[in-house]
Amino acid sequence: MTADSQQVPPRFTVLVVDDDEDTRRSIAGGLPPNEFDVRTATDGAEAIAAYQSHEPDIIVVDWQMSALDGLGFITAMRAFGSTVPICVISAQTDVADRVAGLEAGADDYLCKPFALAELTARLRALLRRSASKKPAPNATIVSDGVRLDRFQRRVFVTGTEVELTRREFDLLSALTADRGTVVSRERLLQVVWGRNAPQPNIVDTFICHLRRKLSPPGKPGFIHTVRGIGYVVR
């Protein structure tokens, strides 16, 4: 058996965003290759494109960059609805900077210079925390011919897969988390859209989309409106 065949494939894709080439190379070469597959970007704008192409499991981003900086990048990512863990790395050590990074949506903040062993440990911790929030494999809900697989993020209607947008899937998942319980519009806004939630009527619009896509032919929809409150799945 060759050495190549014994190599363990990378488990997590890490996107490293920094306008300093030496920093990018150091992190890419210092993270354990059997755990991390490192992709890089030179600024926030390039990182957004890289995120859409590679769908990383975790992101390391510098706070100060010449183009779109760390704050702008994190704000954009959270506005998109991304929940991918983000670790800020920065030469700024003031408490105010750390607070600004965390309040913008970062999950951790590591001051430069740092040891690669510490960065590795922090990334592992963030990934464990992120994994603990994910549903168990093959978690499904069946209702009126509709099957929801939260782990694979797939939905089937009478055995045929239906394509949902990310927001539509998250909305359906929130509605079916506790069937029979009425979920308010405000709660759905908080869970699906987060702190940058638009106006409450966006929920009604997305519910209409779901009903059109998920109602099996000849059967009534299973998402019911509770007037003045919200929605319930029965």
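Residues numbered from 1 in each chain as written. Predicted model: local features only at pLDDT ≥ 70, side-chain atom pairs only at ≥ 80, totals over all residues. Heavy atoms only, no water.

Colleague: Quick question: what am I supposed to make of the side chain of aspartate 43 here?
Modeller: Here aspartate 43 shows up in the loop between strand S2 (36-41) and helix H3 (44-54). Of the side chains bearing the opposite charge, arginine 24 lies closest to the buried aspartate 43, which forms no salt bridge; the N-O distance is 8.6 Å. From its side chain, aspartate 43 meets the backbone nitrogen of glutamate 46 in a polar contact 2.8 Å long. Contact partners of aspartate 43, with chain neighbours within four places excluded, come to Val17, Met65, Ala67 and Leu68. (Helix = DSSP H or I, 4+ residues; strand = E, 2+ residues; numbered from the N terminus. Buried < 20%, exposed > 50% of the residue type's maximum accessible area, 1.4 Å probe, protein only. Lys, Arg positive; Asp, Glu negative; His and termini not counted. Salt bridge = Lys/Arg side-chain N within 4 Å of Asp/Glu carboxyl O. Polar contact = N/O pair within 3.5 Å; in protein donor to acceptor, adjacent residues only side chain to side chain. Contact = heavy atoms within 4.5 Å.)

Colleague: Honestly, the packing of aromatic side chains in this entry has me stumped. Any pointers?
Modeller: For any pair of aromatic rings, geometry is given as the distance between the ring centres together with the angle between the planes. All told, the structure shown has two aromatic pairs when counted by the stated rule. For the pair tryptophan 63 and tyrosine 109, a centre-to-centre distance of 6.4 Å together with 65 degrees between the ring planes defines the contact as edge-to-face. One end of the pair, tryptophan 63, is in the loop between strand S3 (58-62) and helix H4 (70-79); the other, tyrosine 109, is in strand S5 (residues 108-111), with 46 residues separating them in the sequence. For the ring pair tryptophan 193 and phenylalanine 206, a centre distance of 5.3 Å and an interplane angle of 85 degrees mean the geometry is edge-to-face. Here tryptophan 193, found in helix H8 (residues 185-193), pairs with phenylalanine 206, found in helix H9 (residues 201-214); they are 13 residues apart in sequence, far enough to count as distant. (Phe/Tyr/Trp six-rings, centres within 6.5 Å; stacked < 30°, edge-to-face > 60°.)

Colleague: Just checking my understanding: could you explain unusual backbone geometry for this structure?
Modeller: Excluding glycine, residues mostly carry a negative phi; peptide bonds, for their part, are mostly trans. The linkage connecting lysine 112 with the following residue, proline 113, adopts the cis geometry, with an omega of -5 degrees. Inspection of the secondary structure assignment puts proline 113 in the loop between S5 and helix H6 (116-132). Even without being a glycine, glutamate 55 presents a positive backbone phi close to 45 degrees. Tracing the backbone shows glutamate 55 in the loop between H3 and S3. Under the relative-accessibility criterion, glutamate 55 is labelled exposed at 63%. Look at threonine 158: it is not a glycine, yet its phi comes out positive at around 50 degrees. Assignment of secondary structure puts threonine 158 in the loop between strand S8 (154-157) and strand S9 (160-162). Residue class for threonine 158 comes out exposed when judged on its relative accessible area of 52%.

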